[in-house]
Amino acid sequence: MSKKRIGILTSGGDCAGLNAVIRAVVHRADLLGWEVIGLLNGTASLMEEDPEYRVLKPNDFSGQIMREGGTILGTTNKGNPFAFPMPDGTVKDRSGEIVDGFHKIGLEAVIGIGGDGSFAILKRLADQGNINMVGIPKTIDNDIGMTETAVGFDTAVSVATEALDRLQPTAASHDRVMILEVMGRDAGHIAMSAGIAGGADVILIPEVDYSVDKIAEKIKAVKRSGRNFALVVVSEAVKTIDGEKFEVTYHGGETRYGGIGQYLGQKIAEATGFETRVTILGHVQRGGAPTYNDRLLASAFGVKAVDLVRDGKFGRMVAWSNREVIDVSIEDAIRAYQQVDIDGVMVKTARSLGISLGD
Ligand code: F6P
């Protein structure tokens, strides 16, 4: 009898811990006597006439790979296959090609490592092509519903916390207010966690409306207390006081959040008279070695995902809940987009430490 073949792919923005997930899947599958096929660049390689893939073996992971950021399989957060941008400027539905590619390789199931956007696409492809799919949540934004955390978040928070640790002494040496802009898309989880861990005085997140006067009041109070510096963390999706998004348009027309830190730096300087400097942390939050927490989460998620395939439980996403790995419906997870709970423990903790949320 031929070996059971399962596919694995990484989709959406990368983050630290993806290679550790792949390693866990490959090891667990190998113990069950299965073959793991690494699909390249999300679903992109399945569109090829002759889909390119990589057979993955436990030995591939004996060295450096699981310790590294990025993904050995490649990924993309562009090119929705249902409206794929073609070189002539038109868009085409290429979902059928992907489904065909999947069946050509002879996969019994696919494990997709992604965020909510990727899962929405993978779920649609799975429904259309009768593909057995299991999802593993990864995102630095930690905005996927039905799971307390996702692979990559812990590392991103560590990087942002370290940035605050590095900004504090230079802020103190120069009597400055330092503004750190972090990623997170429409959820303020990175700002909230890193802000608390890194001793911020002000944390601004898209879930809480701010006023410049309130921010200025807090910073002046800090200075009055005898401290000569202040730290402000702002999440990239925070809007201007007029409710405008700050975005950057890249070549090709793609837009991403970015720039609110600079705007707030100006406003804070005007309102307080203090010198401000702005750091935009950007993609640094996605790279580097995963923290031990992300490696553990990646390992537990990878093992559970393979076990779901073994048990024939498809359309499910592995999730972290109450010190356990559980499985939830992918559909429910996509529906329950998870922003910061303004009545939750993190917000309460921040406020109880005297951190201003600008409101
Ligand atoms: O979703 C992850 C994320 O890093 C967001 O925090 C950020 O807004 C976006 O992706 C950046 O996307 P890109 O890698 O395309 O610049």
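Our subject is the structure listed above.
Residues numbered from 1 in each chain as written. Predicted model: local features only at pLDDT ≥ 70, side-chain atom pairs only at ≥ 80, totals over all residues. Heavy atoms only, no water.

**Some details on the pairing of strand β6 (residues 109–114)**
Rules: A 1.4 Å probe rolled over the protein chains alone gives each residue an accessible area, and that area as a share of the maximum for its type sets the label: buried under 20%, exposed over 50%, partly exposed in between. Under the scheme used here, helices are H or I runs from DSSP no shorter than 4 residues and strands are E runs no shorter than 2 residues, and both carry numbers assigned from the N terminus. DSSP-based pairing: two strands are paired if at least 2 bridges between them are found. When the strands point away from the viewer, a crossover counts as right-handed if the path from the first strand over the helix to the second runs clockwise.
When you tally the buried positions in β6, you get 6 out of 6 residues, the bulk of the element. Of the pairings in the sheet, the one linking strand β1 (residues 5–10) to β6 comprises 5 bridges and is parallel in character. Residue pairing across strands places I8 opposite I111, the latter belonging to β6. Strand direction decides the pairing type here: β6 and strand β7 (residues 133–137), joined by 5 bridges, are parallel. Directly across from V110, in β7, lies its bridge partner M133. Assessed by its sense of winding, the connection that carries the chain from β6 through helix α3 (residues 116–129) to β7 is right-handed.

**Brief notes about the sheet that holds strand β15 (residues 324–329)**
The cut-off we apply is this: Axis definition: a line fitted to C-alpha atoms, over the contacting stretch in the case of helices. Angles run 0 to 180 degrees between N-to-C directions. Every residue pair with non-hydrogen atoms within 4.5 Å of one another is taken to be in contact.
Read from one edge to the other, the open sheet built from 7 strands follows the order β3-β2-β1-β6-β7-β14-β15, with strand pairing classed as mixed. Bordering the open sheet on either side are β3 (53–56) and β15, each of which pairs with just one other strand. Each strand axis lies, on average, 30 degrees off the axis of its neighbour in the sheet, ignoring direction. Strand contacts of helix α1 (residues 18–31): β1, β2 (35–39), β3, β6 and β7, with the helix running at about 175 degrees to β1, the strand carrying the most contacts.

**Digging into empty space enclosed by the protein**
As a reminder of what qualifies: Method remark: on a 1 Å grid restricted to protein atoms, a set of points is classed as a cavity if a 1.4 Å probe fits but cannot get out and as a pocket if it is open with protein on both sides within 12 Å along at least five of seven lines; lining residues have an atom within 4 Å of a point. Grid points are joined across faces, edges and corners, and a volume is the space filled by probe spheres set on the points. Amino acids are sorted into nonpolar (Ala, Val, Leu, Ile, Met, Phe, Trp, Tyr, Cys and Pro), charged (Asp, Glu, Lys and Arg) and polar (every other residue, Gly among them).
As enumerated under the stated definition, the model contains 1 cavity of 30 Å³ or more in all. Volume-wise, the largest cavity comes out at about 80 Å³. Surrounding the largest cavity, L9, L39, T43, L46, I98, F102, V110, L122, L125, A126, I131 and M133 form its lining. For the lining of the largest cavity, the secondary-structure elements that each account for two or more residues are α2 (95–105) and α3. Per-element tally for the lining of the largest cavity: the top contributor is α3, with 3 residues. Class assignment of the residues belonging to the lining of the largest cavity gives a composition of 11 nonpolar, 1 polar and no charged.

**Some details on the packing of α2 against α3**
Quick note on the threshold: For classification purposes, angles smaller than 35 degrees are called roughly parallel, those larger than 145 roughly antiparallel, those between 65 and 115 roughly perpendicular, and all remaining angles oblique. Throughout, a crossing is termed right-handed when the near helix is turned clockwise from the far one, and left-handed when it is turned anticlockwise from it by less than a right angle.
Contact pair α2 / α3: the axes reach a minimum separation of 10 Å and the direction vectors enclose 70 degrees. Relative to α3, the element α2 is oriented roughly perpendicular. Crossing handedness for the pair α2 and α3: right-handed. Across from S95, G96, I98, V99 and H103 in α2, the residues of α3 making contact are L125, Q128 and G129. For the contact of α2 with α3, a count of residues per class yields 3 nonpolar, 5 polar and no charged.

**A closer look at α2**
Rule in force here: Read the arc as the range of directions from the helix axis to the C-beta atoms.
S95, I98, V99, G101, F102 and I105 are the residues of α2 that are buried. Seen from one end, α2 has its buried residues packed into an arc of 160 degrees, which puts them on one side.

**A look at the site of the ligand**
The criterion, for reference: For each residue, the test is whether any non-hydrogen atom lies within 4 Å of the molecule or strand; if one does, the residue is near. Any N or O atom pair separated by 3.5 Å or less is treated as a polar contact, with the protein-specific requirement of one donor-capable and one acceptor-capable atom, and with residues adjacent in sequence counted only for side-chain atom pairs. We get accessible surface area from the Shrake-Rupley algorithm with a probe of 1.4 Å; when it comes to residues, only the shown protein chains can shield them. Molecules are considered to sit inside a cavity or pocket once more than half of their atoms lie within 2 Å of its grid points. Each domain span listed reflects an automatic or database assignment of domains.
Near the ligand the following residues occur: N77, I140, D141, M183, G184, R185, E236, R256, H283 and R286. A distance of 2.9 Å is found between an oxygen atom of the ligand and a side-chain nitrogen or oxygen belonging to N77. In the environment of the ligand, an oxygen atom lies 2.6 Å from a nitrogen or oxygen atom belonging to the side chain of D141. Compared with its free state, where it exposes 400 Å², the ligand has 83% of that area covered by protein. Here the ligand is seated within the largest pocket. Looking at the shell around the ligand, its residues break down into 2 nonpolar, 3 polar and 5 charged. Here the shell around the ligand spans two domains, and each of domain 1 (5–151 + 290–321) and domain 2 (154–286 + 342–352) adds at least three residues to it.

**Observations regarding the pattern of salt bridges**
Note that side chains of opposite charge can pair when their charged atoms are close. What counts is decided by this rule: For this document, the term salt bridge refers to a Lys or Arg side-chain nitrogen within 4 Å of an Asp or Glu carboxyl oxygen.
Enumeration over the complete set of coordinates arrives at 22 salt bridges. The closest approach of N and O atoms between E97 and K92, which form a salt bridge, is 3.9 Å. Judged by its relative accessible area of 25%, E97 is partly exposed. Residue D307 is joined to R310 by a salt bridge in which the shortest nitrogen-to-oxygen separation is 3.5 Å. Placement of the pair is D307 and R310 together in helix α8 (residues 292–310), with a separation of 3 residues, close to one helical turn. Residue classification places D307 among the buried positions, given a relative accessible area of 15%. The class of R310 is partly exposed, set by a relative accessible area of 40%. Connected through salt bridges with shared partners, the residues R28, D307, R310 and D311 form a single ionic network.

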